[in-house]
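Structure at a glance
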Amino acid sequence: MSAQNIILIGPMGSGKSTIGQLLAQRLGREFRDSDHYIEERTGVDIPRIFDIEGEEGFRLRETRALQDLTRLGNLVLATGGGSVLREENRQLLRNSGFIIFLDTSVDQQMERLRHDKKRPLLQTPNPRERLEKLLEERRPIYLELADLHLRTDRKYARKVAAEIIPLLPEPLRTHA
Ligand code: S3P
């Protein structure tokens, strides 16, 4: 088996990409982001994938991306907020490393995402209601899957990254 990955899960706007990049720098690991991987592979952005193929098409691509990325080792991997929905994905994540749930309130998500145009699920008249519903459905899944659970509300990404490092299991903590 390839060396363990550090995997970030959590809702949109929880800081997975920012915190993930900082963690990767600090640990001398490669950073990958499943949404970016899907966009690179497809050649179009996520809103376009949703337009053409719907959420179902996007989820298929997401599973393929996770299959590819979890095969690699020594990564810090940021996942999309909905990547925990399929059992197949959860299995892939569980088997490939240490999972960190970045937990965030809807208030904080709203603050971080209020001008966002890149999240198709938020292009609705009431994004707050949508975020509340998604969190209610998904939070138990994030909690169940996580090896480590951390709140990121009102915290600088740098601080969260620094908090995570001493909480990692010893083999993952050392700089490559
Ligand atoms: C989604 C989250 C997004 C992206 C897509 C769907 C979701 O990723 O995968 O827009 O279902 O919560 P981020 O969590 O990185 O925003």
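Above this note sits the structure.
From a predicted model like this one, the values you see are computed outputs, not experimental measurements. (Residues numbered from 1 in each chain as written. Predicted model: local features only at pLDDT ≥ 70, side-chain atom pairs only at ≥ 80, totals over all residues. Heavy atoms only, no water.)

**Structural notes on the overall build of the chain**
Scanning the chain from N- to C-terminus turns up eight helices and five strands. Traced from its N-terminal end to its C-terminal end, the chain shows the element sequence β-α-β-α-α-β-α-β-α-α-β-α-α. In terms of overall dimensions, the chain is globule-like: its C-alpha atoms have a radius of gyration of 15 Å, near the 16 Å expected for 176 residues. Overall, the C-alpha framework of the chain stretches about 45 × 35 × 25 Å when taken along its three principal axes. Counting all 176 residues of the chain, 48% fall into the buried class. A separation of at least 24 residues holds for 74% of the contacts in the chain among residues at least 6 apart in sequence. Accessible surface for the chain amounts to roughly 9,000 Å². Of this, 50% is attributable to carbon and sulfur atoms. (Helix = DSSP H or I, 4+ residues; strand = E, 2+ residues; numbered from the N terminus. Rg over C-alpha atoms; globule rule 2.2 N^0.38 Å. Buried < 20%, exposed > 50% of the residue type's maximum accessible area, 1.4 Å probe, protein only. Contact = heavy atoms within 4.5 Å. Areas by Shrake-Rupley, 256 points an atom, 1.4 Å probe, with all protein chains shown as cover.)

**As for the pairing of strand β5 (residues 148-151)**
It is a general feature of regular strands that their side chains alternate between the two faces of the sheet. On β5, burial follows the alternation: Leu-148 and Leu-150 on one face are buried, whereas His-149 and Arg-151 on the facing-out side are not. Sheet analysis places strand β4 (residues 97-103) next to β5, joined by four bridges and oriented parallel. Considered in β5, the bridge of Asp-103 is made with Arg-151. (Pairing = 2+ DSSP bridges.)

**Brief notes about the sheet that holds strand β1 (residues 5-9)**
Sheet strands pair by backbone hydrogen bonding; their relative direction is either parallel or antiparallel. In space, the five strands of this open sheet follow the order β2-β3-β1-β4-β5, with parallel pairing throughout. Looking along the sheet, the strands with just one partner apiece sit at the ends: β2 (30-33) and β5. Ignoring strand direction, the axes of neighbouring strands in this sheet form an average angle of 20°. Two strands pair when backbone bridges link them, and β1 and β4 are joined in this way by five bridges, in the parallel orientation. Bridging across to β4, Ile-7 finds its partner in Ile-99. Set on the sheet, helix α3 (residues 46-71) makes contact with β1, β2 and β3 (75-78); between it and β3 the angle comes to about 165°. (Axes fitted to C-alpha atoms, helices over the stretch in contact; angles between N-to-C directions.)

Shape descriptors only; they carry no functional weight alone.
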